[in-house]
Amino acid sequence: MQNWVNKIWYQGHWAKWLLVPLSLIFWFVSSIRRSLFRLGLKQQTRLRVPVIVVGNITAGGSGKTPTVIHLIELLRANGYKPGVVSRGYGGSASEAMLVEPSSEPSLVGDEPALIAMRTKAPMAVGSKRAQAAKLLLANHDVDVIISDDGMQHYALARDIEIALVDGDRRYGNEWLIPAGPLREGTSRLESVDFIINNGGPAQDGEALMTLAPLKPAAVVSLAANMPINTQAECFDKQQPIYAIAGIGNPQRFFDSLGNQGFNVTRTQAFDDHQAYSAEQLQRFSQDAALLMTEKDAVKCRAFAQQHWWYLPVNAKLTAEFDQALLSRLQQAVDKIKEA
């Protein structure tokens, strides 16, 4: 299914014309909804702390999770106490709930589970992000909230918006869903505070972000909450490797492995937010080491085998972006204090 969608959205497949009527309906409904919030006919929830939304205008992954982790570390280093809210896509939780480092991805979603595991930051998930944010504030000492995704969730008022764009695929055919990948038209970018380009090349007005890979880590270490570099020295790049990825752009991951000199003999792409089973992955890893993304690994920690590995990455942004973000955040803090 994902391959078919990519052909339509990013490779100019003629089938997009069959979906244009549905895109017009999507545009009509979403435009009305935005107008209701803009005119005040639907109310936004404004919190007592600044809210930073990290999102995009396209469906699929563009690097939001590494960006959120980078922001958590940046804010902590500058004296803030950040918390995170997310919809918890892919999880089964029906009500707003707190996320712990040990929370099951099947309950809270894979990305929230990853963020909580990696950063130990206070976090809550819920289909209504305002409710998740209130739950977070009631249970943790938080002075800024980062919304993982949610650019189109207008019910939660925000002070700063950061839009991510995939540097390789950008906005595809620039049609709205389902004929194209856009959740909103590209004109929406005129109102955001920052645009981050994941992978480049960055265009005017975009901050370049690169993903810096760390050493491979053992998936079995996640269940024991062990350090991220556990057993990294045991990994041999030249051994046969079977790579899997269930993310928004699996090919980016596979290409990065080749660029780093891994001996990748086979690859397998899965749909974003894929739920895995032990039986499913065991048949992929009988003759080679299995290497996956960190987002995949968090879903496999309960049944991982010794020869399963994952590749953590850190988001790298410019000092200019970091300083501009901190300056904009201070303005938001001052504005809230004056209100």
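Structure shown above.
Scope of this entry: the structure provided in the associated data block. Nothing here was measured: the structure is a model prediction, and the numbers come from that model.

Conventions and cut-offs
- Residues numbered from 1 in each chain as written.
- Predicted model: local features only at pLDDT ≥ 70, side-chain atom pairs only at ≥ 80, totals over all residues.
- Heavy atoms only, no water.
- Axes fitted to C-alpha atoms, helices over the stretch in contact; angles between N-to-C directions.
- Helix = DSSP H or I, 4+ residues; strand = E, 2+ residues; numbered from the N terminus.
- Parallel < 35°, antiparallel > 145°, perpendicular 65-115°, else oblique.
- Left-handed = near helix turned anticlockwise from the far one by under 90°.
- Contact = heavy atoms within 4.5 Å.
- Nonpolar A, V, L, I, M, F, W, Y, C, P; charged D, E, K, R; others polar.
- Pairing = 2+ DSSP bridges.
- Salt bridge = Lys/Arg side-chain N within 4 Å of Asp/Glu carboxyl O.

**Let's talk about the packing of helix α3 (residues 64-77) against helix α11 (residues 319-338)**
- Packing of α3 against α11 brings their axes to within 11 Å, and their N-to-C directions diverge by 70°. Considering their axes alone, α3 and α11 lie roughly perpendicular with respect to each other. The handedness of the crossing between α3 and α11 comes out as right-handed. Touching His-70, Leu-71, Leu-74 and Leu-75 of α3 are Phe-321, Asp-322, Leu-325, Leu-326 and Leu-329, all from α11.
- Grouping the constituent residues of the contact of α3 with α11 by class yields seven nonpolar, one polar and one charged.

**Quick notes on the environment of Gly-205**
- Tracing the sequence through the fold places Gly-205 in the loop between β7 (194-198) and β8 (206-213).
- Along the primary structure Gly-205 and Phe-194 are separated by 11 residues, whereas in three dimensions their C-alpha atoms are 8.0 Å apart.

**Considerations on the sheet that holds strand β10 (residues 241-245)**
- Here we have five strands laid out as an open sheet, ordered β9-β13-β12-β10-β11, and mixed in their pairing. Two strands bound the open sheet, and with one partner strand each, they are β9 (217-218) and β11 (264-269).
- Of the strands in this sheet, β10, β11, β12 (289-293) and β13 (308-311) are in contact with helix α8 (residues 250-259), which crosses β10 at around 150°.

**Quick notes on the sheet that holds strand β3 (residues 97-99)**
- Spatially, the nine strands line up as an open sheet ordered β3-β4-β2-β5-β1-β6-β7-β8-β14, and their pairing is mixed. Unpaired on one side and paired on the other, β3 and β14 (313-317) mark the two borders of the sheet. Mean inter-strand twist for the sheet, computed between neighbouring axes without regard to direction, equals 25°.
- Two elements, β8 and β14, share five bridges in a ladder whose sense is antiparallel. Across the sheet, the residue bridging to Ala-212 is Asn-314, located in β14.
- Relative to strand β4 (residues 123-125), helix α5 (residues 110-119) is tilted by about 170°, and along the sheet it contacts β2 (82-86), β3, β4, β5 (144-148) and β14.
- Strands in contact with helix α6 (residues 129-139) are β2, β3, β4 and β5; relative to β2, the strand with the most contacts, it is inclined by about 150°.

**Some thoughts on the pattern of salt bridges**
- By the definition in use, this model includes 16 salt bridges.
- Here Arg-170 and Glu-206 are joined by a salt bridge, their closest N and O atoms 2.7 Å apart. On the criterion of sequence distance, the pair formed by Arg-170 in the loop between β6 (160-166) and β7 and Glu-206 in strand β8 is long-range, its members being 36 residues apart.
- It is possible to trace a salt-bridge network through shared partners that takes in Arg-34, Arg-158, Glu-161, Glu-184 and Arg-188.

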